[in-house]
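As a plain string of letters, each chain reads:
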Amino acid sequence: MLQGTCEQDGFEEMIDNVVSCCKENYADVLNKNLVKIIVDNLKDQFPGVADGFIPEKISYIKLERFLQEKIRKGESIKDMIHIVEELEEQQL
């Protein structure tokens with residue numbers, strides 16, 4: 001029983017380390033393909049939010065750079081609706 005607990009603790013520690021590493025390097029891991037997936041999901045869940053804006057007025061690369069900057073500042077990129085609105089306002 002003790003060995004199973006030690007193995008589980010070691011496994012949990014390993015998972016925690018991987019998650020921490022991913023969070024610390026997410027800005028570097030984020031790429032154009034991942035940004036496109038994020039935008040496609042946003043368009044599926046909230047039709048019209050990014051239509052005619054991404055990639056027509058702002059490229060995936062520019063959006064990628066914007067999101068990377070937010071991540072490096074420690075800001076969240078979970079609320080993509082507000083991020084798209086912020087970018088639209090900057091375009092005016």
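For the structure, see preceding data.
Thoughts on the overall build of the protein chain
A count of helices and strands for the protein chain gives four helices and zero strands. Moving toward the C terminus, one meets the helices and strands of the protein chain in the order α-α-α-α. The C-alpha atoms of the protein chain give 18 Å as radius of gyration, which overshoots the globular expectation for 92 residues (12 Å, by more than 25%). Projecting the C-alpha coordinates of the protein chain onto the three principal axes gives extents of approximately 60 × 25 × 20 Å. Partitioning the intrachain contacts of the protein chain with sequence separation of at least 6 by distance along the chain shows that 58% fall at a separation of at least 24. Carbon and sulfur atoms provide 54% of the accessible area of the protein chain, an area that totals close to 6700 Å². Taken together, the 11 basic and 19 acidic charged side chains of the protein chain have centroids lying 9 Å from each other.

Some details on the pattern of salt bridges
Side-chain pairs of opposite charge can arise whenever the charged atoms involved come near each other. Using the criterion set out here, one finds six salt bridges in the structure. R72 serves as the salt-bridge partner of D28, at 2.8 Å between the closest nitrogen and oxygen. Note that D28 is positioned in helix α1 (residues 2-29) and R72 in helix α3 (residues 60-72), a separation of 44 residues in sequence. We note that D28, like R72, is exposed. With its nearest N and O atoms 3.0 Å apart, the salt bridge here joins R65 to E64. Overall, E64 belongs to the buried group, its relative accessible area being 6%.

Here we look at the nonpolar core
It is characteristic of soluble globular proteins that their nonpolar side chains tend to be buried jointly. The biggest cluster of nonpolar side chains holds 19 residues, and the ones touching the most others in it are V35, I54, L63, L67, I83 and L87. Those elements that place two or more of their residues in this core are α2 (32-45), α3 and α4 (80-91). Counting residues per element, this core draws most heavily on α3, at five residues. Among residues more than four places away in sequence, those in contact with I54 are V39, K43, Y60, L63 and V84.

A word on unusual backbone geometry
Omega for the bond connecting I54 with P55 falls within 30 degrees of zero, at 5°, which places this linkage in the cis form. Topologically, P55 is positioned in the loop between α2 and α3.

About the thresholds
- What you see as residue numbers is a count from 1 along each chain, following the sequence as written.
- Since the coordinates come from a predicted model, pLDDT governs what is reported: local features require at least 70, and pairs of side-chain atoms require 80 or more to be given and counted, while whole-chain, interface and lining totals use all residues.
- To get the side-chain values, take all heavy atoms of the structure and skip hydrogens and water.
- Note on conventions: DSSP H or I runs of at least 4 residues are helices, E runs of at least 2 residues are strands, and numbering of each starts at the N terminus.
- Our radius of gyration is a C-alpha quantity, and the globule rule it is checked against amounts to 2.2 Å times the number of residues to the power 0.38.
- Two residues form a contact once any of their heavy atoms are found within 4.5 Å.
- Using a 1.4 Å probe, the Shrake-Rupley method yields the accessible areas, and only the shown protein chains count as cover for residues.
- As used throughout, the charge tally considers Lys and Arg to be positive and Asp and Glu to be negative, leaving His and the chain termini uncounted.
- A single reference atom marks each charge: NZ on Lys, CZ on Arg, CG on Asp, CD on Glu.
- Criterion for a salt bridge: a side-chain nitrogen of Lys or Arg within 4 Å of a carboxyl oxygen of Asp or Glu.
- Here's how the labels work: a residue is buried when its accessible area is under 20% of the maximum for its type, exposed when over 50%, partly exposed in between, all with a 1.4 Å probe on protein chains only.
- The set of buried Ala, Val, Leu, Ile, Met, Phe, Trp, Tyr and Cys residues whose side-chain atoms join them within 4.5 Å is what this entry labels a nonpolar core.

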